[in-house]
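So you can see what is in the structure, the chains are spelled out below.
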Amino acid sequence: MRARFIGLAALSLIVACGERSVDLPAPVPDTATTRMLEQGALIGFSHQQNAAHVWRSIPYAAPPVGDLRWRAPRQASGWDGTREALDHAPWCTQVRGRLDDGSNAAGIPLGSIMGQEDCLYLNIYAPKMDAEAAAATDLPVMMWIHGGSNVWGRAEQYDPSAFAAQENVVVAVMQYRLGPLGWFAHESLRQSAETENDESANFAILDQIAALDWLAGNIATFGGNPENITIFGESAGGHDVAALLSSPKAAGKFHKAIIQSGSFASASLEDAETGGPMAGQAIATKLLGEEVTAQALRTVPIADLYAAYGDNLDTEEWEPPRIIEDGIVLPEGDMLDAFASPDTFNAVPIMTGTNKDETKLFNILDDRLVRWRFGRIPRARNLNVYNAVAEYQSRMWRVSAVDRPSNLMHSGGHGEIYTYRFDWDEAGKAFGADFAELFGAAHGLEIPFVFGQYRFLGDADKWVFTEENAAGRLALSSAMMGYWGEFARTGAPGDGGQGLPIWTSWSTDSATPNIMILDSPASGGPALVADQESAERVAKDLFNDPRLADDTLTCQVYAATAYWNPDLAEFDTGGCTATQAIGTEED
């Protein structure tokens, strides 16, 4: 799955799960949250809305600055006195998107660089308890890895306090190096390595492993069980979860994994270093000429580093390599191949799923598909084409992220696989725009339901999450929190601890219920159904779709799908090409 689907241009539309938060008083220290860590004393605060304690901006590794740029993370330093964990952490270096409109981004032009290299911090959310009670309990621990195409995002966007309180789990939300600071391959960096991990090109994945190490040593202080850690992430975060599953360096550091709308793709070390204008060698030469040294690279100003990638840093044209088969953090060879046998990946219980209308989040920004009245009110130019493009692209996303890897793991002997499709599409309407149609069950929309925080699209939230759909979405949210929480507790979602429909493991038998459809009760969910998706089935349906009135429209929809899924070409029965552009005809 190419990064077009998780690209920065589209994801900048999201204010994911909390950046535009309800105005709340500034947090104040709560003595009940005082904890003693290996690094020193820490005090957090009580959440103003939910029965949870919160600690922000805890350093889990040393700042990766100066000589530590493009090295594996080092152990975090301690501190004197009591550290107040009240404020959000500084963002990792990233590009300003269209809805980065908080105080930290005010007045900064689109495409500008924000954040800083000193950014390896995490937040912790736990049910309310004092230090004595925390020391006596062992709750499941969940580490959230944020999305954003691995070039954008930060911990402050996510507030899992309601989830932590309802499910009695401890949730850590961590930040990791992004873009070229998180993934970069160059011979000079390998030659200057001080440790084996320094030779890796996956510095961000090493950050995530360092966060897991920190949790192992400290999370018991917050009431968490270091022997029961679940990693979970959405989009690029789900992609990173897949990388951790395939990484020998992460073996034994987590015990369950959830991939939400992720990917199993990877780049070879050769491609990441020499494979094009955004590969490490080309960027280093552009910055320093032919005399490239590790020391010189580590002193390059951040602005110059990002400028070397071009002028389109806030669009999908920016494609720095990520998830690199470096032979150290990730084995050599295609990452998906590792999942063929439990002997070649970290074979823990796995949940993986996608959303029914993944790509509507991105397609709503495509001028060929949608026009915007007054620059604010979207309308599909041709509703049949709009829905068809989203359906087939999203089904192919499912093939890549759910059915294909699940079948591979199941055939290799790993049976602890649980799959889902998120179908909620009951958003409201405003000014003639039907958000149920335009967004549907779009990419990322499941996150508010998992975290119980209905903040996703900024100003559009009041039209998406309405009083009319409140009962159904709250019921679905409670069910999803239950399933996620039960999976973290036991390794199987079961009945979500609520008497919900039993969620059984994946089966390759087409007649056996094997995938959980997550939807509101009014739409028949949640419900376990028998369903198998494949590229052959997608192509067959596409070329026989009655919504597409002629061969031209059919081929346009095929091209929009096959461009990012070249394996679909094997089943092209329409004589199409992957270069036919979508038109702009209106109904």
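The coordinates are above.
Computed from a prediction, not measured in an experiment: that's the story for all the values here. (Residues numbered from 1 in each chain as written. Predicted model: local features only at pLDDT ≥ 70, side-chain atom pairs only at ≥ 80, totals over all residues. Heavy atoms only, no water.)

1. Remarks on the side chain of N202
Logical step 1: As for its position among the elements, N202 is in the loop between α5 (187-191) and α6 (203-218).
Logical step 2: Of the residues examined, N202 reaches a relative accessible area of 0% and is grouped as buried.
Logical step 3: In this structure, N202 is in contact with G182, W183, I323, I324, D326, V329 and L330, ignoring residues within four places of it in sequence. (Helix = DSSP H or I, 4+ residues; strand = E, 2+ residues; numbered from the N terminus. Buried < 20%, exposed > 50% of the residue type's maximum accessible area, 1.4 Å probe, protein only. Contact = heavy atoms within 4.5 Å.)

2. Here we look at the nonpolar core
Logical step 1: Formed by 82 residues in total, the largest nonpolar core has its most connected members in F163, F232, F422, W484 and L518.
Logical step 2: Among the elements that line this core, the one with the most residues is helix α13 (residues 383-412), at 10 residues.
Logical step 3: Apart from residues no more than four positions distant in its own chain, F422 is found in contact with T354, N355, K356, A441, L445, E446, F449, L476, M480 and L518. (Core = buried A, V, L, I, M, F, W, Y, C linked by side-chain atoms within 4.5 Å.)

3. Considering the sheet that holds strand β2 (residues 41-43)
Logical step 1: Read from one edge to the other, the open sheet built from 3 strands follows the order β1-β2-β5, with strand pairing classed as mixed. Edge positions in the sheet fall to β1 (35-36) and β5 (82-84), since each has one partner strand and no second.
Logical step 2: Pairing geometry for β1 and β2, over 2 bridges, is antiparallel. Pairing of R35 across the sheet is with L42, part of β2. (Pairing = 2+ DSSP bridges.)

4. Here's the deal with the pattern of salt bridges
Logical step 1: Applying the stated criterion across every chain, the model contains 27 salt bridges.
Logical step 2: Here E117 ties to R69 by a salt bridge, and the two come within 3.0 Å at their closest N and O atoms. With E117 in the loop between β7 (113-114) and β8 (121-127) and R69 in the loop between β4 (52-59) and β5, this residue pair connects regions lying 48 residues apart in the sequence. Taken individually, E117 and R69 each receive the classification buried, so the pair is uniform in this respect. (Salt bridge = Lys/Arg side-chain N within 4 Å of Asp/Glu carboxyl O.)

5. Comments concerning the sheet that holds strand β12 (residues 256-260)
Logical step 1: Spatially, the 11 strands line up as an open sheet ordered β3-β4-β8-β10-β9-β11-β12-β15-β18-β21-β22, and their pairing is mixed. Since the sheet does not close on itself, it has two edges, and those belong to β3 (45-46) and β22 (527-529), each with one partner.
Logical step 2: Pairing analysis gives 6 bridges linking β4 to β8, with the strands arranged antiparallel. Of the residues in β8, the one forming a bridge with W55 is I124.

6. Re the pairing of strand β16 (residues 370-373)
Logical step 1: Both β16 and strand β17 (residues 377-380) contribute to a ladder of 4 bridges, which runs antiparallel. Note on β17: the bridge partner recorded for W372 is P378.
Logical step 2: Here β16 hands over to β17 after 3 residues, with F374 in that stretch at a positive phi of 55°.

7. What about the environment of A530?
Logical step 1: Along the chain, the position of A530 falls in the loop between β22 and α18 (535-542).
Logical step 2: Put simply, A530 and G289 are 241 residues apart on the chain and 57 Å apart in space, counted from C-alpha to C-alpha.
Logical step 3: Aside from chain neighbours lying at most four places away, what touches A530 is S510, A511, T512, P513 and N514.

8. What to know about the packing of α6 against helix α7 (residues 236-246)
Logical step 1: Contact pair α6 / α7: the axes reach a minimum separation of 11 Å and the direction vectors enclose 75°. In terms of orientation, α6 and α7 fall into the roughly perpendicular class. Residues I205, Q208 and I209 of α6 pack against D240, A243 and L244 of α7.
Logical step 2: Broken down by class, the residue content of the contact of α6 with α7 amounts to 4 nonpolar, 1 polar and 1 charged. (Axes fitted to C-alpha atoms, helices over the stretch in contact; angles between N-to-C directions. Parallel < 35°, antiparallel > 145°, perpendicular 65-115°, else oblique. Nonpolar A, V, L, I, M, F, W, Y, C, P; charged D, E, K, R; others polar.)

9. Structural notes on unusual backbone geometry
Logical step 1: The omega angle of the peptide bond from G525 to P526 is -10°, so this bond is cis rather than trans.
Logical step 2: Along the chain, P526 turns up in the loop between β21 (515-518) and β22.
Logical step 3: Its identity is not glycine, yet S57 carries a phi of approximately 55°, on the positive side.
Logical step 4: Looking at where S57 falls in the secondary structure, it is placed in strand β4.
Logical step 5: Given a relative accessible area of 10%, S57 falls into the buried group.
Logical step 6: With a phi close to 60°, S235 is a non-glycine residue in the positive phi region.
Logical step 7: Following the sequence through the fold, S235 ends up in the loop between β11 (224-234) and α7.

10. A word on the state of the cysteines
Logical step 1: Applying the stated rule across the entire model yields 2 disulfides.
Logical step 2: In this model, C92 is linked to C119 through a disulfide, with the two sulfur atoms separated by 2.0 Å. With the S-S dihedral at roughly 90°, the linkage between C92 and C119 falls on the right-handed side. Pair noted here: C92 is in the loop between β5 and β6 (94-95) and C119 is in the loop between β7 and β8, with a separation of 27 residues, a long-range link. With respect to burial, C92 and C119 carry one shared label: buried.
Logical step 3: Between C555 and C576 runs a disulfide, and the two sulfur atoms are separated by 2.0 Å. (Disulfide = S-S within 2.5 Å.)

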